[in-house]
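For reference, the chains in residue letters:
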Amino acid sequence: MSSIPNPVLKRLGLSDNDRVAIIHTDDIGMCQSNVEAYRDLWEAGIISSGAIMYPCPWANAAIDMVRNNPKMDMGVHLTLTSEWQFYRWGPISTRDRRLGMMDEEGYFPHTSEEVQKNGKPAAVKNELAAQIDRAFQSGLQPTHIDTHMGSVAAAKFMSAYIALAKKHKLPPMIFRMDEVEWRANGLDALTAKLAARLIHQLEDQKIPLLDHLVALPLEWREGYREITKKTLSDLEPGITHFIIHPNKDTPEIRAIAPDWQARVANYEDFMSDEVRQHIRNIGLHVIGYRALAELM
């Protein structure tokens, strides 16, 4: 499937060989510093999309930010995990541990594998629906849905994810990969088979899909900005969901995240004129999810 040019490119008025990136800021509302980072980056005009984690403590601040800036491109970062050691969150739809979405402390599990193993499909669907509903109840119009830590990428969850996307006419973050490619990206055999079948169905229904998933590393090292620029330069033709995790440098993010240096580097790089000019120089087309939502 991925060897065939993405039909969405022509629907956007682009050619089959154009390189298109959705520069996507993950985890908005996880903490204060990433809400402020998103606001700065959006005003600087270099990023194109983000997604709110509605179960998280700073989601209300993110909601208020978007209310005051209605042109912001902001989706729902569907969340079933809570990965940090001391800073945690849990479901908004239930407090029933028998449903397999909470650990012994009452929070989401630390890993996707845990919730994929133990989560009851109906309960997970209710939780995903509750998070999307909270966006609409807050007065926002989400531009898309995606998934925190890839947790919905399990055979028993994917149909609910797609059904919610269709119900609300929201582009889902899902990629035009065949069964072999899904397996190479870590899916088990059953989930890979289901994903490949879904791709054909969705494309037949003219639901806009993506070609590539690329994320900047969360391991900081010297010369990180050059890594950022090279990663952008190496993007392939098609539509790429390009993930960054920008945070302003605060005591909060240093306490939460062992990888805080890379997150701060993401913020500083994408605030820089150097990276902005590099994006222009390499001829990269930057779009938001709103452009895909309009196709639905």
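Coordinates for the structure precede this section.
Summarised in this report is the structure supplied together with it. (Residues numbered from 1 in each chain as written. Predicted model: local features only at pLDDT ≥ 70, side-chain atom pairs only at ≥ 80, totals over all residues. Heavy atoms only, no water.)

1. Some remarks on the side chain of Asn34
Note on placement: Asn34 falls in helix α2 (residues 32-44). Non-local contacts of Asn34, meaning those with residues more than four positions away in its chain, are made with Asp26, Asp27, Ile28, Gly29, Pro246 and Asn247. (Helix = DSSP H or I, 4+ residues; strand = E, 2+ residues; numbered from the N terminus. Contact = heavy atoms within 4.5 Å.)

2. Some thoughts on the pairing of strand β3 (residues 74-78)
In terms of burial, β3 is largely enclosed, as 5 of its 5 residues are buried. Pairing geometry for strand β2 (residues 49-52) and β3, over 3 bridges, is parallel. Note on β3: the bridge partner recorded for Gly50 is Met74. Taking the sense of rotation as the criterion, the β-α-β connection linking β2, helix α3 (residues 59-68) and β3 turns out right-handed. Pairing between β3 and strand β4 (residues 145-147): 3 bridges, direction parallel. Across the sheet, His77 pairs through a bridge with Asp146, a residue of β4. (Buried < 20%, exposed > 50% of the residue type's maximum accessible area, 1.4 Å probe, protein only. Pairing = 2+ DSSP bridges. Right-handed = clockwise from strand over helix to strand, strands pointing away.)

3. Some words on the pairing of strand β1 (residues 19-28)
Across a regular strand the side chains alternate sides, sitting on one face of the sheet and then on the other. With 10 of 10 residues buried, β1 is to be regarded as a mostly interior element. In terms of strand pairing, β1 meets strand β6 (residues 238-244) through 7 bridges, oriented parallel. Counterpart to Ile23 in the pairing with β6 is Phe242. Two elements, β1 and strand β7 (residues 285-286), share 2 bridges in a ladder whose sense is parallel. Residue Ala21 lies in a different strand from β7, and its bridge partner there is Val286. Taken together, the 3 bridges between β1 and β2 define a ladder with parallel strand orientation. Counterpart to Ile28 in the pairing with β2 is Ile52.

4. Comments concerning the nonpolar core
Ranked by size, the top nonpolar core spans 91 residues in total, and within it Met30, Ile52, Leu80, Trp182, Leu232 and Phe270 carry the most contacts. When near neighbours in sequence (up to four residues on either side) are disregarded, Ile52 contacts Ile28, Ala59, Ala62, Ile63, Val66, Met74, Gly75, Val76, His77 and Leu140. (Core = buried A, V, L, I, M, F, W, Y, C linked by side-chain atoms within 4.5 Å.)

5. Things to note about the side chain of Asp18
In this fold, Asp18 is placed in the loop between α1 (7-11) and β1. Despite being buried, Asp18 has no salt bridge partner; Arg19 is the closest side chain of opposite charge, sitting 7.8 Å away. There is a polar contact of 3.5 Å between the side chain of Asp18 and the side chain of His285. Apart from residues no more than four positions distant in its own chain, Asp18 is found in contact with Leu9, Pro237, Gly238 and His285. (Lys, Arg positive; Asp, Glu negative; His and termini not counted. Salt bridge = Lys/Arg side-chain N within 4 Å of Asp/Glu carboxyl O. Polar contact = N/O pair within 3.5 Å; in protein donor to acceptor, adjacent residues only side chain to side chain.)

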